[in-house]
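What follows is the residue order along each chain.
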Amino acid sequence: MSLTDRLTEGIRAALREAGLPAVDDCAWEIPRQGEHGDYATNVAMTLARPARRPPRQIAEAIVAGFPRMPEVARLEVAGPGFVNVFLSPVWCAESLREVLAAGETWGRGDLLAAQRVRLEFVSANPTGPLVIVNARAAAIGDALARLLRAQGAHVTTEFYVNDAGNQFEALARSFEARVRQAVGEAAALPDSGYPGEYLVELARTYVTDHHLTTPAELAAHLAASGERPTERLGRWAVARIVEGQRRILREYGVEFDVWTSEQHDVRDKQLPELVLDDLAARGLTYERDGALWFRSSEIGDETADDKDRVLRRSSGEVTYFGVDVAYHHAVKFSNADRVIDLLGPDHHGYVGRMRAAMQALGHPLEILIVQLVTLLREGQPVRMSKRRGEFVLMEELLEEVGRDAARFTFLTRRHDSPLEFDLAVATRQSSENPVYYVQYAHARIRSIARQAREQGIAIPAWDAIDLTPLVAPEEQALARRLLHFPDVVRGAARALEPHRVAFWLQELAGVFHPYYKTHRVIQEDRRLMLARYALCAAVGQVIENGLALLGVAAPESM
RNA sequence: GCGCCUGUAGCUCAGUCGGACAGAGCGUCGGACUUCGAAUCCGAAGGUCGCAGGUUCGAUCCCUGCCAGGCGCACCA
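Residues numbered from 1 in each chain as written. Chains lettered and ligands numbered in written order. Predicted model: local features only at pLDDT ≥ 70, side-chain atom pairs only at ≥ 80, totals over all residues. Heavy atoms only, no water.

Engineer: I would appreciate a short explanation of the overall build of chain A in the present structure.
Structural biologist: The helix and strand tally for chain A stands at 21 helices and 15 strands. For chain A, the spread of C-alpha atoms along the three principal axes comes to 90 × 65 × 40 Å. Of the roughly 25000 Å² that chain A leaves accessible, carbon and sulfur atoms contribute 49%. Each charge class in chain A can be summarised by its mean position, and for the 65 positive and 76 negative side chains these summaries are 3 Å apart. (Helix = DSSP H or I, 4+ residues; strand = E, 2+ residues; numbered from the N terminus. Areas by Shrake-Rupley, 256 points an atom, 1.4 Å probe, with all protein chains shown as cover. Lys, Arg positive; Asp, Glu negative; His and termini not counted. Charge placed at Lys NZ, Arg CZ, Asp CG, Glu CD.)

Okay, here's the thing in structure tokens:
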């Protein structure tokens with residue numbers, strides 16, 4: 001049971017004692033002002049109406065009837081009726097033992113125990129290299145997976161490769177034109193093609209790999225395969241592009257459990273036809289103008305769609321929407337209790353119909369929109385458009401800014417807030433980036449351990465260390481802050497907001513650095529030294545745990 | 001026209017379930033290295049929380065309207 005749970009029990013006991021109405025839960029907040037205590041609750045104010053008594057009077061009764069607990073030094077009534085709790089300094093110092101004993105598990109919880117979660121993110125189209133917004137989605141998605149796992153969830157991460165339909169056709173035809181050009185043939189890009197330079201390079205690789213130098217050789221080569229040339233070339237290009245995306249993500253520290261091919265795993269298995277029949281049997285569709293429509297506008301709550309959507313075109317081809325509905329129903333929800341999709345901002349017009357379809361099928365789909373990244377270089381906007389072939393690659397971001405700094409930067413913003421990212425500024429300031437502030441605190445702590453080893457100082461087991469010398473305000477502040485960590489992780493997991501962890505780590509480092517500056521660990525007073533050593537070890541452990549949740553390294557030295 | 005997101009310090013952004021005096025980083029200005037790492041620390045300046053109403057003990061937060069910026073509104077994906 002966590003500290004706040006125990007405090008809530010104390011409140012409930014006090015309410016019983018005073019004959020006041022019971023409460024299920026109790027909102028504990030950490031006051032900004034130190035003089036308002038370590039924890040505060042407004043429970044007396046919320047009880048004022050049902051109990052028909054003034055809030056301050058209720059608060060007085062709570063304070064009078066609160067049971068004695070080793071955690072709590074004293075309580076007081078403040079302001080309009082807050083109950084402020086002051087923790088016992090001795091108990092706070094002792095609580096470090098719990099952090100040290102828990103080690104890398106400190107911060108984990110069971111909020112989502114045994115829950116099966118399917119989490120899809122990035123899922124960039126296989127029409128070119130990954131760009132900045134993909135890096136943002138990857139950082140957020142990966143951190144979410146780690147957060148949910150830390151709360152006991154079984155998470156399956158997925159990258160969905162949209163290698164079918166019109167988009168694939170456009171890519172395949174563009175690539176075919178580039179290959180033909182590469183052997184000297186006069187071939188024009190299709191109107192809706194992709195003009196980017198990368199396809200030119202990829203075509204060059206293709207003809208080199210296959211030892212093709214003339215149009216005649218290319219023609220013979222394509223004829224020999226027996227496949228439709230566009231199809232063959234398109235498949236080859238997609239495989240190469242997806243492999244490139246996977247490689248960059250791996251360098252970024254992001255690995256997916258499942259890579260799904262729309263062509264092989266969905267269309268070839270006839271899932272759309274099966275699910276569309278199922279939808280029709282449930283009366284959720286109708287035919288009009290030769291097409292099959294989904295009754296989006298009639299289904300679901302007020303957040304649902306405002307018009308009906310086509311599932312199967314009059315040509316007989318299933319739409320992207322139809323395929324997606326089928327895949328979510330037949331695969332994702334059949335293997336998971338929760339499905340979370342991270343989508344790009346260009347998809348938010350799509351959310352309504354998808355949510356309506358999932359509601360109709362009884363599936364609680366959760367969709368997070370990762371907002372746009374506006375890329376700047378020296379304050380000037382950089383257009384990101386695959387169609388114009390003018391964009392900044394995720395690979396360049398990793399080279400210029402680095403993996404840890406990039407990930408941390410993305411994780412210090414809410415996912416639904418548009419982000420401005422100035423490459424030049426990020427590069428110039430990289431040594432002052434907040435991520436290094438946090439990492440540096442960790443490296444300093446490890447440095448203390450190295451120093452102790454070099455000086456031959458023996459560190460006993462944590463149990464054998466007396467922690468009562470930790471009475472300085474800075475030491476108490478650090479110990480109390482470490483107690484918050486499990487609550488922070490739980491809150492971030494519940495809200496699906498990893499940025500809370502990133503901000504909290506900066507605050508922790510912001511308390512540690514001044515402490516380090518003014519309080520020496522290694523010193524003559526052995527009792528004090530060991531107590532401080534244990535405190536620093538606990539801080540280092542929590543920084544490591546927090547950074548691990550974000551997929552950022554906790555270096556031994558920098 | 002309709003829908004979604006956003007509007008908080010010069011810039012980039014936090015602000016939990018409505019709570020006490022509005023927060024950080026960067027930038028600016030002024031200081032601190034013979035002691036475990038100066039990627040650090042100490043101090044200062046910097047605010048009409050877009051605007052106007054409403055709800056209530058209390059609103060940056062919830063509701064309504066307006067203004068501004070971004071994005072989306074296909075038998076595309």
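There is more to say after this.
Engineer: Help me understand the pattern of salt bridges in this model?
Structural biologist: Between side chains of opposite charge, a pair can form when the charged atoms approach closely. If you walk through the whole model with that rule in mind, you get 36 salt bridges. Across the pair Glu120 and Lys332 runs a salt bridge, and its minimum N-O distance is 2.5 Å. Taken together, the residues span a long stretch of sequence, with Glu120 in strand β5 (residues 116-120) and Lys332 in helix α13 (residues 320-332) at a distance of 212 residues. By relative accessible area, Glu120 is classed as buried at 8%. (Salt bridge = Lys/Arg side-chain N within 4 Å of Asp/Glu carboxyl O. Buried < 20%, exposed > 50% of the residue type's maximum accessible area, 1.4 Å probe, protein only.)

Engineer: What exactly am I supposed to notice about the packing of helix α9 (residues 215-225) against helix α10 (residues 229-251) here?
Structural biologist: Where α9 meets α10, the closest approach of the two axes is 9 Å, and the angle between their N-to-C directions is 90°. By the angle between their axes, α9 is roughly perpendicular relative to α10. Here His221, Leu222 and Ser225 of α9 come into contact with α10, specifically with Pro229, Arg232 and Leu233. Considered class by class, the residues forming the contact of α9 with α10 number three nonpolar, two polar and one charged. (Axes fitted to C-alpha atoms, helices over the stretch in contact; angles between N-to-C directions. Parallel < 35°, antiparallel > 145°, perpendicular 65-115°, else oblique. Contact = heavy atoms within 4.5 Å. Nonpolar A, V, L, I, M, F, W, Y, C, P; charged D, E, K, R; others polar.)

Engineer: Any chance you could explain the sheet that holds strand β9 (residues 291-294) here in plain terms?
Structural biologist: The pairing of strands in a sheet happens through backbone hydrogen bonds and is either parallel or antiparallel. Read across the sheet, three strands follow the order β8-β9-β10 without closing on themselves; strand pairing throughout is antiparallel. The open sheet is flanked by β8 (285-288) and β10 (309-312), the only strands paired with a single partner. Pairwise comparison of adjacent strand axes, ignoring direction, gives a mean angle of 45° for this sheet. Of the strands in this sheet, β8, β9 and β10 are in contact with helix α12 (residues 271-281), which crosses β10 at around 125°. (Pairing = 2+ DSSP bridges.)

Engineer: Please explain the sheet that holds strand β3 (residues 72-78) as it appears in this structure.
Structural biologist: Ordered in space as β1-β2-β4-β3, the four strands form an open sheet in which the pairing is antiparallel. One side of each edge strand has no neighbouring strand; the edge strands of this open sheet are β1 (28-29) and β3. Where β1 and strand β2 (residues 39-41) come together, two bridges link them in antiparallel fashion. Considered in β2, the bridge of Trp28 is made with Thr41.

Engineer: Quick question: what am I supposed to make of the nonpolar core here?
Structural biologist: Nonpolar side chains in soluble globular proteins tend to be buried together. If you look at the biggest cluster of nonpolar residues, it comprises 123 residues, and the most contacted ones within it are Val122, Phe175, Leu249, Tyr252, Phe410 and Phe421. Setting aside residues up to four positions removed in sequence, Phe410 forms contacts with Ile132, Ala135, Arg136, Ala139, Tyr252, Val373, Leu397, Leu419 and Phe421. Of all hydrophobic cores here, the second largest spans 32 residues; its members include Leu271, Leu276, Tyr327 and Leu361. (Core = buried A, V, L, I, M, F, W, Y, C linked by side-chain atoms within 4.5 Å.)

Engineer: Would you mind going over the packing of aromatic side chains with me for this structure?
Structural biologist: Geometrically, a pair of aromatic rings is defined through the distance of the ring centres and the angle of the planes. By the definition in use, this model includes 16 aromatic pairs. Measuring from centroid to centroid gives 5.4 Å for Phe159 and Phe256, while their planes differ by 90°, and the two rings are edge-to-face. Here Phe159, found in strand β6 (residues 154-161), pairs with Phe256, found in the loop between α10 and β7 (258-261); they are 97 residues apart in sequence, far enough to count as distant. The residues Phe159 and Phe256 share a single accessibility class, namely buried. Relative to Phe321, the ring of Phe294 has its centre 6.1 Å away and its plane inclined at 65°; by these criteria the two rings are edge-to-face. Here Phe294, found in strand β9, pairs with Phe321, found in helix α13; they are 27 residues apart in sequence, far enough to count as distant. Residue classification places Phe321 among the buried residues on the basis of a relative accessible area of 3%. Through a chain of ring-to-ring contacts, the aromatic side chains of Phe121, Phe159, Phe256 and Trp259 assemble into a single cluster. (Phe/Tyr/Trp six-rings, centres within 6.5 Å; stacked < 30°, edge-to-face > 60°.)

Engineer: Sorry if this is basic, but what is going on with the side chain of Arg178 here?
Structural biologist: By the element assignment, Arg178 lies in helix α7 (residues 165-182). Of the buried charged residues, Arg178 lacks a salt bridge, with Glu197 as the closest side chain of opposite charge at 6.1 Å. Ignoring anything within four residues of it in the chain, the contact list for Arg178 reads Leu189, Pro195, Gly196, Leu199, Val200 and Ala203.

Engineer: Please explain the pairing of β5 as it appears in this structure.
Structural biologist: The two faces of a sheet get side chains in turn, since along a regular strand they alternate between them. Along β5, four of the five residues are buried, which leaves the element largely enclosed by surrounding structure. The pairing of β5 with β6 spans five bridges and is parallel. By the bridge assignment, Arg118 is partnered in β6 with Thr156. With helix α6 (residues 132-150) bridging β5 and the parallel β6, this β-α-β connection has right-handed handedness. Pairing of β5 with strand β11 (residues 338-343), which is carried by four bridges, proceeds in the parallel orientation. When the bridges of β11 are listed, Glu120 appears paired with Asp341. (Right-handed = clockwise from strand over helix to strand, strands pointing away.)

Engineer: Hey, could you run me through unusual backbone geometry in this one?
Structural biologist: Glycine aside, residues mostly have negative phi, and peptide bonds are mostly found in the trans state. The phi dihedral of Ala114 is positive, around 65°, even though this residue is not glycine. Within the element layout of this structure, Ala114 appears in the loop between α5 (96-102) and β5. Backbone geometry places Val122, a non-glycine residue, at a positive phi of 65°. Relative to the assigned elements, Val122 resides in the loop between β5 and α6.

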